[in-house]
Structure formats: structure tokens, C-alpha cells
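# Report on the structure
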Amino acid sequence: MSAPSQDNGWLRAMPWVFVLIWSTGFIVARFGMPHAPPMKFLAVRYALSILCFLPWIWVARVKWPTNRTQWLHLSVTGVLMHAGYLGGVWAAVKAGMGSGLSALIVGIQPVLTAIWLSAMGGADGRVSRRQWGGLLLGFAGLLLVVSRKFGSGGPGDHANWINLSFAVLALFSITAGTLYQKRFVKPCDVRSANSVQLMAALVVTLPLALIETEAVQWNGELMGAMAWSVLGLTLGGSSLLYILIQRGAAAQVSSLMYLVPPCTALIAFVLFGEPISLITVAGIALTGFGVSLVVRSPKPVSNG
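Residues numbered from 1 in each chain as written. Predicted model: local features only at pLDDT ≥ 70, side-chain atom pairs only at ≥ 80, totals over all residues. Heavy atoms only, no water.

### Some remarks on the overall build of the protein
- Each helix and strand in the protein was counted, giving 13 helices and zero strands.
- From first element to last, N terminus to C terminus, the protein shows the α and β order α-α-α-α-α-α-α-α-α-α-α-α-α.
- The burial tally for the protein puts 48% of its 304 residues in the buried class.
- For the protein, the share of sequence-separated contacts (at least 6 apart) that also reach a separation of at least 24 residues comes to 91%. (Helix = DSSP H or I, 4+ residues; strand = E, 2+ residues; numbered from the N terminus. Buried < 20%, exposed > 50% of the residue type's maximum accessible area, 1.4 Å probe, protein only. Contact = heavy atoms within 4.5 Å.)

### Describing the packing of aromatic side chains
- All chains considered together, the criterion is met by six aromatic pairs.
- Between Phe18 and Trp22 the ring centres are 5.3 Å apart and the planes differ by 35°, which places this aromatic pair in the tilted class. You can see Phe18 and its partner Trp22 sitting in helix 1 (residues 3–22), four residues apart, about one turn around the helix.
- Using a relative accessible area of 0% as the deciding quantity, one classes Phe18 as buried.
- On the accessibility criterion, Trp22 (8% relative accessible area) is buried.
- With a centroid separation of 4.6 Å and 40° between ring planes, the pair formed by Tyr180 and Phe184 is classed as tilted. You can see Tyr180 and its partner Phe184 sitting in helix 8 (residues 161–184), four residues apart, about one turn around the helix.
- Among the aromatic residues, those joined into a cluster by ring pairs are Phe18, Trp22 and Tyr85. (Phe/Tyr/Trp six-rings, centres within 6.5 Å; stacked < 30°, edge-to-face > 60°.)

### Overview of the packing of helix 2 (residues 25–32) against helix 12 (residues 260–272)
- Look at helix 2 against helix 12: their axes get within 9 Å of each other, and the N-to-C directions meet at 45°. It follows from the interaxial angle that helix 2 and helix 12 lie oblique. Contacts between helix 2 and helix 12 involve Phe26, Ile27, Arg30 and Phe31 from the former and Thr264, Ile267, Ala268, Leu271 and Phe272 from the latter.
- Partitioning the contact of helix 2 with helix 12 into residue classes produces seven nonpolar, one polar and one charged. (Axes fitted to C-alpha atoms, helices over the stretch in contact; angles between N-to-C directions. Parallel < 35°, antiparallel > 145°, perpendicular 65-115°, else oblique. Nonpolar A, V, L, I, M, F, W, Y, C, P; charged D, E, K, R; others polar.)

### Concerning helix 8
- For helix 8, which comprises 24 residues, the first-to-last C-alpha distance of 33 Å matches the rise-based estimate of 34 Å (1.5 Å per residue) to within 8%.
- Listing the buried residues of helix 8 in full gives Asn163, Ala167, Ala170, Leu171, Ser173, Ile174, Thr175, Gly177, Thr178, Leu179, Tyr180 and Gln181.
- The N-terminus of helix 8 is capped by Asn160, whose side-chain oxygen sits 3.0 Å from the backbone nitrogen of Ile162. (Expected span 1.5 Å × (residues − 1). Polar contact = N/O pair within 3.5 Å; in protein donor to acceptor, adjacent residues only side chain to side chain.)

### So, helix 3 (residues 38–60)
- A rise of 1.5 Å per residue sets the reference length of helix 3, with its 23 residues, at 33 Å; its end C-alpha atoms lie 33 Å apart and thus fit the reference within 8%.
- Turning to helix 3, its buried residues number three or more, namely Pro38, Met39, Phe41, Leu42, Ala43, Arg45, Tyr46, Ser49, Ile50, Phe53 and Ile57.
- If you follow the buried residues of helix 3, they end up packed against helix 2, helix 4 (68–94), helix 9 (190–210) and helix 10 (220–247).
- Following helix 3 by one or two positions, Arg61 adopts a phi angle in the positive range, close to 55°.

### A look at the packing of helix 8 against helix 10
- At a minimum axis distance of 9 Å, the contact between helix 8 and helix 10 shows a crossing angle of 55°. In terms of axis orientation, helix 8 runs oblique to helix 10. Here the hand of the crossing between helix 8 and helix 10 comes out right-handed. Note on element contacts: helix 10 touches helix 8 through Tyr242, Ile245, Gln246 and Arg247, opposite Thr178, Gln181 and Lys182.
- Classifying every residue of the contact of helix 8 with helix 10 by side-chain character gives two nonpolar, three polar and two charged. (Left-handed = near helix turned anticlockwise from the far one by under 90°.)

### So, unusual backbone geometry
- A positive phi angle is found at Arg61, which is not glycine, with a value near 55°.
- Along the chain, Arg61 turns up in the loop between helix 3 and helix 4.

This is how it looks when you write it as C-alpha cells:
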């Protein structure tokens, strides 16, 4: 197989690899959350991720952003898409919100992104009727997938103004971060770009981690969760998300988030034996169909 064919195959597979990796986030939370407070876990995750990127950047002689403006834009996206989004989700779950409700709230992101793009207009911002239909179908499928999780998280599974605020913070952070990166961040090497984002996230998260009173309980489950968070979710998932946003339309990239809860349900079935009902299967199918409508390239207009 020629190099161009291999590159095209990787580009086609990239969104699905991203969804698979990103879907393990809730699995990691299941292993790591009982043993560490959210901000301490995330601060260590960011620090270890930076320590992994820096030698890679040095050995590969990767160039850093060339001006202060680009550093600033990358820092803003880092605060939004790492500190804001991850911090909000983990804090909401730690404060008692079930995974179903948190996934549903954050799952509104593709719709918010489409509303913003439609309001702003522009070549990259137009959302067609077909894409709107796909977004609504995807959200309906998401609702079916997570419906079985409502009220199934035990005594601590409840919503209050505290964990709802954290979840909404995560929703607006990932939405704003996606739009901001697409609008302001110029293409640069994903390794240096991700490092700058992580540094900014660490600066914001570390003070919050220092005021948490709960201690970190290092054990096999926590170390495994941390290792995958760094190597899989940050070095792999976050890097793929950066590349996808740079290459694709924001509404199309955001719609991939609809596939995360269904994929998480399948992983949980394989790893933990969590049951999958017919409603879940229907939700997965509906979500997949909705996303396909959003990401499908429009048919070329014939001149004949």
C-alpha cells in the first residue's frame, strides 16, 4: 500500500479511534474516582502528561508556537478544554451526580455548537437542515442510551445545584473551547500545542488541588487509571481531538461526542458485564445514524 493510501486510511479512521479512546473516560473515572479527589487527580495527570510530551518534543525537534498570541490562544483552549471540561465533569461526578445525567448534560454540546455556528454564519459555520436533523436524532439516541443510568447510581446518585453547576461548566467549557480553537488557533505541531494547553490547565487546576482536603490513596486501580489517563486519554485522545478540530468543521467534530456514551456502554458491557437493553441498542443505532447525517459530505451539485 502506498504512503498516500495509508495516510487517507488513517484520516478516515481518526474520528472512530478518537471516539473509542474518549469513551474510556468514564471507565477511568470508575477506577480512579473513589481513591482521589478530582483536582488532585487531574493536576497529577496534567503534570505527568507534560513530562511525557517534553522529551518527545526535544528528541523530535518539534517547533514551539512562534509568537505570544499563539501561546495565548493555546492557553485559553487548554483552560477551557482541559481544566474547565475535565474539571467540571470529574467534580460533578465526585459531588454525587450519576454518569447518565452528566453524560446527558455534556451531550448537549453538539447542539450548542450548531446554534452558535448558525447564529454567527460564515462558510465553516453553516449547519444544513440534514445536519440539524442528524444532531436532533443523535441527541434523542443519546437520551435513550443514558436513560437506564438515571437513578441507578446508588444513594449518592442525585442532582443538586452544586454538581449541576459543575456539569454545566463542563458543557460550556468544551463548547467554547472547540469554537475558540477552530477560530483562533493556527495549525502547529500537536505535541507542542498540547503541551502548552496542559501547562495552562495545570496552572489553573493546581491551586484548586491544593485546597482539597481528601488525600490521594495510591493503589493498583488508581495507578492504572492514571497511566491510561496520561497515555491514552491525554497523549492519545486529546491530541486526536486537537487534530480533528483543526481539520474539520466544528459541528461535525462536536457531533462525534454523541457517540461517546454509546461506546462507553459497550465497553462497560465487555469489561464489567453491565447489561445492555433493547432501548440501549436502539439508542446506539439512532445516535450512529444521526452522527452519520452530520458528518456526511454534501453531494456535489451537478452543472448538467
